[in-house]
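# Residue-level structure breakdown
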Amino acid sequence: MNIFFRIKRRIHWEWLRFADWVYRNLVKPPYVMSFEETINYILTHHASVSRFGDGELGVIYGVNLEFQKSNACLAQKLHAVLKSNVEDLLICVPDAFQKVERYNEVEQGFWKASMLFNRRRWYVNLKADRNYGNAFISRFYGMEFNKELSAHRLEFLKKLWEGRDVIFVEGKDTKMGVGNDLFDNVGSIRRILCPSENAFSKYDEIIEKVNGIARNKNNLFILALGPTATVMAADLHQLNLQALDLGHMDIEYEWYKMGVTKKVPVTGKYSNEAVILGLAESTVTGKLNDAGYQQQIIIDLSE
């Protein structure tokens, strides 16, 4: 690498660090609830959840994701949800605006770098005097690799769907709870399968099918569709349906059970992060056969 290029790049990074240091010391960050506060809020208010991470923020600003192409309509809807203030719709954002030292070294590096470029974007779209939920509620293991903490968090998480009639709205290869006992305390499970990638292309059709399901106050919709789930949770909430955007949660549980310290592929389940990290050649590795899973599918929009 050319020495002048390396010097230029180093100066650029040091400038970004300095500018971010100044900005974060001048501007008050939004308040992000703790993991427990977020779960308790959902339970107490029977709230729906729309989660925003770096991917959702990127889509708002025109970035293509590995599993969701840039889409102007999706970007507009994401921005509207992020700025919204709807009763009992909990907007969740990353708990990474300060004190990221509590996360593992890899996550610290990722979020510190992310904030160099995106802190102002977050702060412009969020309000310092408003409380936000914690977007990491579905990332209860991998960020800290603390099994005792993860076990405690799992107890909280499982309260969200205890005894509920759960309808998963998920990518074809997500397979929430298949092959594990994460949802062993639910009343029942039904599934609506959607495309594993670019799910927003079928957004209206998915909403129509979900809205057509017979109303039952015990129903709980758990969504795992990337940025599409973020806006879908808000739209389902407007239809008086409780919807929780909990993407990545099942993969996190699989990693927790395996005791791994890297984002390895999980047999038969979609894991784009393993591909990004060079730990898998494809987003789905191997097959996961489960007869009960097939019987739970009530609508298939995946093709």
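Residues numbered from 1 in each chain as written. Predicted model: local features only at pLDDT ≥ 70, side-chain atom pairs only at ≥ 80, totals over all residues. Heavy atoms only, no water.

### Comments concerning empty space enclosed by the protein
- The tally for this structure, following the rule as stated, stands at 1 cavity of 30 Å³ or more.
- The calculated volume of the largest cavity comes to roughly 40 Å³.
- Lining the largest cavity, in full, are Leu82, Lys83, Asn125, Lys127, Arg130 and Tyr132.
- In the lining of the largest cavity, the residues fall into 2 nonpolar, 1 polar and 3 charged. (1 Å grid on protein atoms, 1.4 Å probe; cavity = no way out; pocket = protein on both sides within 12 Å on 5 of 7 lines; lining within 4 Å. Points joined across faces, edges and corners; volume = space filled by probe spheres on them. Nonpolar A, V, L, I, M, F, W, Y, C, P; charged D, E, K, R; others polar.)

### Some remarks on unusual backbone geometry
- One non-glycine residue, Asp88, lies in the positive phi region at around 65°.
- With respect to the helices, strands and loops of the structure, Asp88 is situated in the loop between helix H4 (72-83) and strand E3 (89-93).
- The phi torsion at Asn198 lies on the positive side, around 55°, for a residue other than glycine.
- Here Asn198 shows up in the loop between strand E6 (188-194) and helix H7 (203-211). (Helix = DSSP H or I, 4+ residues; strand = E, 2+ residues; numbered from the N terminus.)

### A word on the side chain of Arg130
- The residue Arg130 is located in the loop between helix H5 (105-125) and strand E4 (131-134) in this model.
- Of the buried charged residues, Arg130 lacks a salt bridge, with Asp129 as the closest side chain of opposite charge at 7.6 Å.
- A distance of 2.6 Å separates a polar side-chain atom of Arg130 from the backbone oxygen of Ser84.
- Sequence-distant contacts of Arg130, that is, excluding residues within four places in its chain, are made with Tyr31, Leu82, Lys83, Ser84, Asn85 and Ile91. (Buried < 20%, exposed > 50% of the residue type's maximum accessible area, 1.4 Å probe, protein only. Lys, Arg positive; Asp, Glu negative; His and termini not counted. Salt bridge = Lys/Arg side-chain N within 4 Å of Asp/Glu carboxyl O. Polar contact = N/O pair within 3.5 Å; in protein donor to acceptor, adjacent residues only side chain to side chain. Contact = heavy atoms within 4.5 Å.)

### Quick word on the packing of helix H1 (residues 3-26) against H5
- In the contact formed by H1 and H5, the axes pass within 9 Å of each other and the chain directions differ by 40°. Regarding the angle of H1 to H5, the classification is oblique. In this structure, H1 crosses over H5, and the sense of that crossing is left-handed. Together, Trp13, Leu16, Arg17, Asp20, Tyr23 and Arg24 of H1 and Ala113, Met115, Leu116, Phe117, Arg119, Arg120 and Tyr123 of H5 make up the contact between the two elements.
- For the contact of H1 with H5, a count of residues per class yields 8 nonpolar, no polar and 5 charged. (Axes fitted to C-alpha atoms, helices over the stretch in contact; angles between N-to-C directions. Parallel < 35°, antiparallel > 145°, perpendicular 65-115°, else oblique. Left-handed = near helix turned anticlockwise from the far one by under 90°.)

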